[in-house]
Amino acid sequence: MNLPSIRRCSAVAVAFAATAIAPAHAAAPSSKPRSDSYVEQARDIAQAQPGPHEGEGRTTAYPFFAQAEGFDLVFRQRSLHPGASIGEHTNDKDEIYYVLSGRGELMLDGHRRQVGPGDAILTRRGSRHGLRQFGDADLTIIVVYRKPAP
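In this report, the structure presented in the accompanying data block is examined. In every chain, residue numbers begin from 1 and rise along the written sequence. Given that this is a predicted model, residues contribute local features only at a pLDDT of at least 70 and side-chain atom pairs are listed and counted only at 80 or more, while totals for whole chains, interfaces and linings are drawn from all residues. Each side-chain value is derived from all of the structure's non-hydrogen atoms; neither hydrogens nor water enter the calculation.

### A look at the pattern of salt bridges
Next up, step 1: Whenever a carboxyl oxygen of Asp or Glu lies within 4 Å of a side-chain nitrogen of Lys or Arg, that contact is scored as a salt bridge. In total, this model carries eight salt bridges according to the counting rule given.
Next up, step 2: In this structure, Asp94 and Arg124 form a salt bridge, with 3.0 Å as the shortest nitrogen-oxygen distance. Placement of Asp94 in the loop between strand E4 (85–90) and strand E5 (95–101) and of Arg124 in the loop between strand E8 (120–123) and strand E9 (128–134) is noted, with a sequence separation of 30 residues between them.
Next up, step 3: By relative accessible area, Asp94 is classed as partly exposed at 35%. Runs of H or I in DSSP of at least four residues are treated as helices and runs of E of at least two as strands, each being numbered from the N terminus. In this scheme, a residue with accessible area under 20% of its type's maximum is buried, one over 50% is exposed, and one in between is partly exposed, where area comes from a 1.4 Å probe on protein chains only.

Structure representation (C-alpha cells):
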C-alpha cells in the first residue's frame, strides 16, 4: 500500500471507531413535562457545561428527572473534569454533595479539606462553599436540593 492509501484507511478506521463508541441514544432529551414514573440513563441527558458558579474548566452535568412534573427535588450528577471547579458561592438553600469518585478540595465556610469517594457534604443556607477537582480522574458528585417554590 502507498502512503495516501494508508492515510485514507486510517481516516476510515478512525471515523468508524468514533461511530462505534458514540452513545447509542444521542438524541436530545425531551423537554415535555412528565407525570409518570420513569428511568433515565446518564448518557441520554449529559450536558457539557463550564464550572458552575463562575468555576473553572469543563464539567458534565446529568440533570436527572428535570422534566418530572410536581417533583420538588433536584437530583443531579456532575463530573468535574481535570482542572475544573465549582466556584465559591453562598448558598440560598440547603444542599448535599455526595462524592462518587475522584478527589477534590472542598472549601466550606473558610475551611479547606480533601474529599473523595464516600464523602457526603451538607451545605446549609447561608453557608459559603466551593469545590475543586484534583488529579487525573474526574471528580464525580451527586447534588441534591429542594427546588425553590414557584
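Once you've had a look at it, read on.
### Quick notes on the packing of aromatic side chains
In this description, an aromatic ring pair is defined by two values, namely the gap between the centres and the angle between the planes.
Next up, step 1: Each aromatic pair joins two rings of Phe, Tyr and Trp (for Trp, the six-membered one) with centres within 6.5 Å, and gets the label stacked for planes under 30 degrees apart, edge-to-face for over 60, and tilted for any other angle. Enumeration over the complete set of coordinates arrives at four aromatic pairs.
Next up, step 2: Ring geometry for Tyr38 and Phe65: centres 5.4 Å apart, planes at 75 degrees, overall edge-to-face. With Tyr38 in the loop between helix H1 (3–21) and helix H2 (42–45) and Phe65 in the loop between strand E2 (58–64) and strand E3 (73–80), this residue pair connects regions lying 27 residues apart in the sequence.
Next up, step 3: Given a relative accessible area of 24%, Phe65 falls into the partly exposed group.
Next up, step 4: Any Lys NZ or Arg CZ that is within 6 Å of a ring centre and within 35 degrees of that ring's normal is treated as a charge sitting over the ring. Residue placement shows Arg34 over the ring face of Tyr38; its charged tip is 3.8 Å from the ring centre.
Next up, step 5: The ring of Tyr145 has Lys93 sitting right over it, with the charged end atom 4.6 Å from the ring centre.

### Points about the nonpolar core
Next up, step 1: Within this scheme, the nonpolar core is defined by two criteria: the residues are buried Ala, Val, Leu, Ile, Met, Phe, Trp, Tyr or Cys, and they are joined through side-chain atoms within 4.5 Å. In terms of nonpolar packing, the biggest core is built from 14 residues, with Tyr97, Leu131 and Ile141 touching the most fellow members.
Next up, step 2: Counting only elements with at least two residues in this core, the list comes to E3, E5 and strand E10 (139–146).
Next up, step 3: The biggest single contributor to this core is E10, with four residues.
Next up, step 4: Any pair of residues with heavy atoms lying within 4.5 Å of one another is described as a contacting pair. For Tyr97, the contacting residues outside a window of four places in its chain are Ile86, His89, Asp119, Ala120, Ile121, His129, Leu131, Ile141, Ile142 and Val143.

### Comments concerning the pairing of E2
Next up, step 1: Counting buried residues along E2, six of its seven residues qualify, which places the element largely inside the surrounding structure.
Next up, step 2: Pairing between strands requires that DSSP locate at least two bridges from one strand to the other. Across four bridges, strand E1 (residues 47–50) lies against E2 in antiparallel orientation. Residue pairing in the sheet places Gln47 in a bridge with Ala61 of E2.
Next up, step 3: Bridging between E2 and E3 involves six bridges; their strand directions are antiparallel.

### Brief notes about the environment of Lys93
Next up, step 1: Tracing the sequence through the fold places Lys93 in the loop between E4 and E5.
Next up, step 2: C-alpha separation for the pair Lys93 and Ser127, spaced 34 residues apart in sequence, amounts to 8.9 Å.
Next up, step 3: In contact with Lys93, other than residues within four places in its own chain, are Thr123, Arg124, Arg125, Tyr145 and Arg146.
Next up, step 4: As used in this structure description, the phrase polar contact means that two N or O atoms lie within 3.5 Å; if the pair is within protein, one of them must be able to donate a hydrogen and the other to accept it, and residues adjacent in sequence are counted only when both atoms belong to side chains. A polar contact of 2.9 Å, which involves the side chain of Lys93, links it to the side chain of Asp92.

### A few points about the sheet that holds E5
Next up, step 1: Pairing within the open sheet is antiparallel, and its six strands lie in the order E1-E2-E3-E10-E5-E8. The outermost strands of the open sheet, each flanked by one partner alone, are E1 and E8. For this sheet, the mean angle separating the axes of adjacent strands, direction not counted, is 25 degrees. In this description, a line fitted to the C-alpha atoms serves as the axis of each element, helices being fitted only across the stretch in contact, and the angle between N-to-C directions of two axes falls anywhere from 0 to 180 degrees.

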